[in-house]
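Structural overview for review
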Amino acid sequence: MSPTLRSAEPQRLPQILVVDDNEDDFVLAREGFYEAGIDVNLHHVENGAECMQFLRHDGRYEAMPVADLILLDLNMPVMDGRQVLAELVNDPRLRHLPVIVMTTSAATDEVLSLYRLRCSAFMIKPTDFAEFVRQLKVLAEYWFTVIQLPPVVNGRCRH
Amino acid sequence: MTATRKAEAAALELNSDLLAAVIECAPTAMVMTDAQGHIMLINGEAERLFGFPRSELIGHPVEMLVPERFRAHHGGLRNGYLGDAQARRMGMGRELYACRKDGLEVPVEIGLNPIHTDRGILVLSAIVDISERLRMEATSKANELLEERVRLRTNELEQQTERLRLSNQALERSNIELQQFAFVASHDLQTPLRTISSFVQLLERRYADQLDEQGQRWMRSTTEATQRLSTLIRDLLELSRVDSRAQSFRPVALDDVLDSAQELLGDSLREAGAEIERSDLPVLLGDRSQLVQLFQNLLSNALKYCGEQSPRIAVGARRAENEWEIHVSDNGIGIPAEHHERVFEIFRRLHSQKNYPGTGIGLAVCRRVVTRHAGRIWVESTPGAGATFKIRLPAPDAATTGAIA
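Residues numbered from 1 in each chain as written. Chains lettered and ligands numbered in written order. Predicted model: local features only at pLDDT ≥ 70, side-chain atom pairs only at ≥ 80, totals over all residues. Heavy atoms only, no water.

For the rest of this paragraph, the subject is the overall build of chain B. Scanning chain B from terminus to terminus reveals 10 helices and 13 strands. The burial tally for chain B puts 37% of its 405 residues in the buried class. Excluding contacts between residues fewer than 6 apart, the proportion of contacts in chain B whose partners are at least 24 apart in sequence is 60%. Element-wise, carbon and sulfur atoms account for 54% of the exposed surface of chain B, whose accessible area totals about 24,200 Å². (Helix = DSSP H or I, 4+ residues; strand = E, 2+ residues; numbered from the N terminus. Buried < 20%, exposed > 50% of the residue type's maximum accessible area, 1.4 Å probe, protein only. Contact = heavy atoms within 4.5 Å. Areas by Shrake-Rupley, 256 points an atom, 1.4 Å probe, with all protein chains shown as cover.)

Here you go:
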């Protein structure tokens, strides 16, 4: 099976950072993108603190590429998804990053407060894998085709 | 008689006249007896107390005034007193009774005063009727007892109230804990369940061709079981959310609610070829999303148990005094009378998973939603002739719903 490339910039694969403390969930995301036929570069960190280091190219993440999109789990140890959102909003260099919150389920008022924290989209992880694959396709359609991702200059985001 | 003796006699006469007058004036009943116990003198108060005119007493034994049951001992006691006669109270702690002419006994206190004369010791008794005092004492004793009983009972009641309050509190706590448990359990179960079901589906997609027929069958069984579990958890969450995610009541147009429920069921309604016949529905005060859920569950119930024919569903309302009665009728397989109550219990299923898959939570959610809206839900049905679910909900006054009606 050869996944088709749907990026608006064929010369560059979208860099997606998956922030999830559950290794299985990362594998499922990876396989989900594969099954959906979406070609992306996936990176995985296990909590909010590592996420911030990755985005700021701190320490061992120095050589990592600039992320185009974050798939953010909510409940994680050390630093959870809500804290990540709050910190992103306050960082002018990271504020523009699209963040898609992924969770098993959430209450309406929680969703609202997350949108207030500037999360870009909200995705409830379905129990059905086929449904998950469908959702990933929709997500890719929107973020990689319709929306022009911010261009990258010298490995860093241009502001 | 010499002059001296005459004067002495006159003085004595004067003395005894004086004494008689003093005794007569005393506000207390008084009886004077001689050494043999014969009554020599009584006053008016004593006449009133004993009910005898003095003519019937003078010269008679004082025992006439003693109740019969004490009479036998009285003479001995009297002689004993004369042996060591001092002014003192009679009885010394015994209860004393005087006997009236009419036979009634009167509780009394008696003071004894010896008078030494040359004719021997005379005894002047002062008798006080204490029946009134005893009555008052008894009353106040009874009052005290009553007060004490009231106090004890109040105390008991307070303790009971406190116990009730505590057990109420405990019940509330365990109720909340149960709800939280149901919510957390079903919520946290979703994560591992999602992992299992997703990996099983991945296995099926990628590796099914590497399995023999039995392996594939087992994989299908696993998938189906995970799907059932997923539905069960979803429904449990839904049930626990009726209370945990309750919204405050607002005016809600049930017509819109039914629209939303039909929209949510869109595909399954179309697939089943269902016809829905609607009449106007009222505006009520309620939690919109829960009412949508109520209709959605009732409609999907009607779809599910439609039997061989294509489902025809009727939804309508009628005013019943200060309530609205809403009905959802179907032409399905119906429910036997003995199950009309039980269908609303959680996990209560009347059919096998194979014939009618389900979790047995849908109608429990309906009942919980209706209960939260201070209403009632019940079913009327004859097997084979469809079922009608009826809901009674309080009708709001015009002012409350006027805004959107």
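Having seen the model, we can carry on.
Right, let's talk about the sheet that holds strand 4 (residues 99-103) of chain A for a bit. Residue and element names in this part refer to chain A. Judged by pairing direction, the sheet is parallel, and its 5 strands sit side by side in the order 2-1-3-4-5 without closing on themselves. Lying at the two open borders of the sheet, with one neighbouring strand each, are strand 2 (41-45) and strand 5 (121-124). Going across the sheet, the axis of each strand differs from the next one's by a mean of 20 degrees, ignoring polarity. Bridge count between strand 3 (residues 69-73) and strand 4: 4 bridges; the pairing is parallel. Following the sheet pairing, Asp-73 is matched in strand 4 by Met-102. Seen against the sheet, helix 2 (residues 48-55) touches strand 1 (15-19), strand 2 and strand 3 and runs at an angle of roughly 160 degrees to strand 1. Helix 3 (residues 81-89) rests against strand 3 and strand 4 of the sheet, and its axis sits at about 145 degrees to strand 3. (Pairing = 2+ DSSP bridges. Axes fitted to C-alpha atoms, helices over the stretch in contact; angles between N-to-C directions.)

Residue-level contacts link 16 residues of chain B with 19 residues of chain A. A combined buried area of about 1,700 Å² lies between chain B and chain A, and 48% of that area is made up of carbon and sulfur atoms. The three residues of chain B that bury the most area against chain A are B:Arg194, B:Arg205 and B:Arg206, which together make up 37% of that side's buried surface. A salt bridge links B:Arg206 to A:Glu35, with the shortest nitrogen-to-oxygen separation between them at 2.6 Å. For the pair chain B and chain A, the number of links is 8 residue pairs in polar contact (both at pLDDT 80 or more). Contributions of two or more residues to the side of chain B that touches chain A are made by helix 4 (131-207) and helix 5 (213-244) of chain B. (Buried area = accessible area lost by both parts, 1.4 Å probe. Salt bridge = Lys/Arg side-chain N within 4 Å of Asp/Glu carboxyl O. Polar contact = N/O pair within 3.5 Å; in protein donor to acceptor, adjacent residues only side chain to side chain.)

Sizing a probe to match a water molecule and rolling it over the atoms shows the empty space that remains. All names here are of chain B. Reported here for the second largest pocket is a volume of approximately 550 Å³. Along the wall of the second largest pocket there are 28 residues; nearest its centre are Val-66, His-74, Met-90, Ile-110 and Leu-112. Only strand 1 (29-33), helix 3 (68-83), strand 4 (96-99), strand 5 (105-117) and strand 6 (120-129) provide two or more residues apiece to the lining of the second largest pocket. Among the elements that take part in the lining of the second largest pocket, helix 3 stands out by supplying 6 residues, more than any other. Class assignment for the residues of the lining of the second largest pocket results in 19 nonpolar, 5 polar and 4 charged. (1 Å grid on protein atoms, 1.4 Å probe; cavity = no way out; pocket = protein on both sides within 12 Å on 5 of 7 lines; lining within 4 Å. Points joined across faces, edges and corners; volume = space filled by probe spheres on them. Nonpolar A, V, L, I, M, F, W, Y, C, P; charged D, E, K, R; others polar.)

All names here are of chain B. Because side chains alternate across strand 12 (residues 376-381), one face comprises the buried residues Ile-377, Val-379 and Ser-381, and the other comprises Arg-376, Trp-378 and Glu-380, none of which is buried. Pairing between strand 12 and strand 13 (residues 387-394): 6 bridges, direction antiparallel. Paired with Arg-376 across the two strands is Arg-392, which belongs to strand 13. Linking two consecutive strands that pair antiparallel, namely strand 12 and strand 13, is a turn of 5 residues; a positive phi of about 90 degrees is found at Gly-384 within it.

Let us now look at the side chain of B:Ser381. Residues and elements named next belong to chain B. Within the element layout of this structure, Ser-381 appears in strand 12. The buried category is assigned to Ser-381, whose relative accessible area is 14%. Polar side-chain contacts of Ser-381 include one of 2.8 Å to the backbone nitrogen of Ile-335. Apart from the residues within four sequence positions on either side, Ser-381 is in contact with Gly-334, Ile-335, His-340, Gly-386 and Ala-387.

Right, let's get into the confidence of the model for chain B. Summary statistics for chain B give a mean pLDDT of 85 and a share of 96% for residues scoring 70 or more. Scored by ipTM, the complex comes to 0.75, with pTM at 0.53. (pLDDT = per-residue confidence, 0-100.)

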